[in-house]
Amino acid sequence: MENNKPKPNYIVSILGMRCPRCRRGKMFNDANPYKNLKLSHIFDMPETCSECGQRYDLETGFWYGTGYVSYALAVAITVATFVAWWVLIGVSTDDNRIFWWLGLNCVFLVLIQPWLMRLSRVIYLYIFVSYDPNYELTEPKEFDA
C-alpha cells in the first residue's frame, strides 16, 4: 500500500527542523531556540518523533558528531559574509574595513549560535536517517547494538 501524502521538501524540512524519516514531526519541543538560552532548552528534544516514532538519539554519544557539522556551517557562513563584504564594501589594508568585518562576523556567529547548534543536529541526523514514504508501515531506523 503506497502512501498518498505528498513528499515534503528536503530543504524546507531541514530548515523547519522536522524528522528526517517522515519530514513531518518536530525535532525540538520548542520551535524558538532563543526563548531560554540555557543549553538544556536549546537541545530540548523529545525521545522519538511524534509522527513516525523515529528515535532521535540513535546511540550513546551520537550527537558528538554535530560539532563537525556546526564547524562546517560556521566556516561557510564566514566565507559567505567575507565575500559579501568584499563585493559590497571592499577589503583594504589602508583602513580598518577588514577588522570591522571580522568583528561583525564574530557578533553575527554568536547571535545565531543557538539556531546553528539546532540546525547542525538536524543535518547530522539527516545524514544517518533517510526519508521513508511508507513510514507508517515500516520500522524506524535503529543502529546495531
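Residues numbered from 1 in each chain as written. Predicted model: local features only at pLDDT ≥ 70, side-chain atom pairs only at ≥ 80, totals over all residues. Heavy atoms only, no water.

**Student:** Sorry if this is basic, but what is going on with the packing of aromatic side chains here?
**Tutor:** Two measures describe an aromatic ring pair: the distance that separates the ring centres and the angle between the ring planes. Going through the model one piece at a time under the given rule, you end up with seven aromatic pairs. Look at Phe62 and Tyr124: their rings are 5.0 Å apart centre to centre, the planes differ by 45°, and that puts the pair in the tilted class. Of this pair, Phe62 sits in the loop between helix H2 (39–42) and helix H3 (66–88) while Tyr124 sits in helix H5 (residues 113–128), placing them 62 residues apart in sequence. Accessibility assignment for this pair places Phe62 and Tyr124 in one class, buried. Judged by centre distance (5.4 Å) and plane angle (65°), the ring pair of Phe62 and Phe128 falls under edge-to-face. On the criterion of sequence distance, the pair formed by Phe62 in the loop between H2 and H3 and Phe128 in helix H5 is long-range, its members being 66 residues apart. For Phe62, a relative accessible area of 3% corresponds to the buried category. (Phe/Tyr/Trp six-rings, centres within 6.5 Å; stacked < 30°, edge-to-face > 60°. Helix = DSSP H or I, 4+ residues; strand = E, 2+ residues; numbered from the N terminus. Buried < 20%, exposed > 50% of the residue type's maximum accessible area, 1.4 Å probe, protein only.)

**Student:** Honestly, the state of the cysteines in this entry has me stumped. Any pointers?
**Tutor:** One covalent bond between the sulfur atoms of two cysteine residues makes up a disulfide. Applying the stated criterion across every chain, the model contains zero disulfides. The thiol of Cys19 is not disulfide-bonded; the next cysteine sulfur, from Cys52, is found 3.6 Å away. Of all cysteine sulfurs in the structure, the one in Cys22 sits closest to Cys49, which takes part in no disulfide; the separation is 3.6 Å. (Disulfide = S-S within 2.5 Å.)

**Student:** Explain helix H4 (residues 97–111) here, please?
**Tutor:** Note on helix geometry: an α-helix contains 3.6 residues per turn, so any two residues three or four positions apart are oriented the same way. A rise of 1.5 Å per residue sets the reference length of H4, with its 15 residues, at 21 Å; its end C-alpha atoms lie 21 Å apart and thus fit the reference within 8%. When we look at burial in H4, the residues that qualify are Trp101, Asn105 and Leu109. Down the axis, H4 shows its buried residues gathered within 60° of arc, on one side only. Away from its buried face by more than 90 degrees, H4 exposes Phe99, Trp100, Val110 and Leu111. Along its buried surface, H4 packs onto H3 and H5. (Expected span 1.5 Å × (residues − 1). Arc of directions from axis to C-beta. Contact = heavy atoms within 4.5 Å.)

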